[in-house]
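Next come the chains, spelled out residue by residue.
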Amino acid sequence: MKNHFLTLLMTLGLFSTIFAQQTSYEETLAKELQADDYGMKTYVMAILLAGDRADDYSPEQRTEIQKGHMANINRLAEDGKLILAGPFIDGKEKRGIFLFNVATKEEAEALTNTDPAIQAGVLKMELIEWYASAALQLLPEAHKKIQKTGF
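These figures come from a predicted structure and were not determined experimentally. (Residues numbered from 1 in each chain as written. Predicted model: local features only at pLDDT ≥ 70, side-chain atom pairs only at ≥ 80, totals over all residues. Heavy atoms only, no water.)

1. A closer look at the confidence of the model for the protein
So, point 1. Within the protein, residue pLDDT values average 88, and 84% of them lie at 70 or more.
So, point 2. Taken element by element, the protein is modelled with least confidence in helix α1 (residues 2-11), mean pLDDT 49, and with most confidence in helix α6 (residues 116-119), mean pLDDT 98.
So, point 3. In this model, residues 5-9 is a region of pLDDT below 50 whose contacts with residues beyond four sequence positions or in other chains number 4 contacts. (pLDDT = per-residue confidence, 0-100. Helix = DSSP H or I, 4+ residues; strand = E, 2+ residues; numbered from the N terminus. Contact = heavy atoms within 4.5 Å.)

Written out as structure tokens, the structure reads:
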């Protein structure tokens, strides 16, 4: 069956069209994104964890801390330092992730320390270096095109 399918594709002239459309390397874009030869680069991922002081605040205080947390996320994204962020659905000990577009854990730590939720002890972060597609840096701009309302 598989051979008949390939024969059909080749007969219809689709085989070369389908397999020729893999990708075409864009050197300028690769350099702009600081991609290595595999199209990859190192990021720093932050696993957001429930902080030791998460229960020390009133609901009103938590609301203000959360507003500051979201404003900080938006600022870091606008500065190009934060590629993605989001909460885990269950919201237990592991609260969410950040993906920082930085070269070192130290730079990521400095950025995490600007977050009001970290400062208040509502959240803490575990920083991990992560190797992934350099194209992830294009995600924030694509997200703007599909986001109907802001946070």
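2. A look at the pattern of salt bridges
So, point 1. Taken as a whole, this structure holds 8 salt bridges when the rule is applied.
So, point 2. K124 serves as the salt-bridge partner of D52, at 3.4 Å between the closest nitrogen and oxygen. One end of the pair, D52, is in the loop between β1 (40-50) and α4 (59-78); the other, K124, is in strand β4 (residues 123-133), with 72 residues separating them in the sequence.
So, point 3. Relative accessible area serves as the criterion here: at 35%, K124 is assigned to the partly exposed category.
So, point 4. Its salt-bridge partner being E107, residue K81 comes within 3.0 Å of it at the nearest N-O pair. One end of the pair, K81, is in the loop between α4 and β2 (82-87); the other, E107, is in helix α5 (residues 105-112), with 26 residues separating them in the sequence.
So, point 5. With a relative accessible area of 28%, K81 lands in the partly exposed category.
So, point 6. Connected via shared salt-bridge partners are E78, E141 and K144. (Salt bridge = Lys/Arg side-chain N within 4 Å of Asp/Glu carboxyl O. Buried < 20%, exposed > 50% of the residue type's maximum accessible area, 1.4 Å probe, protein only.)

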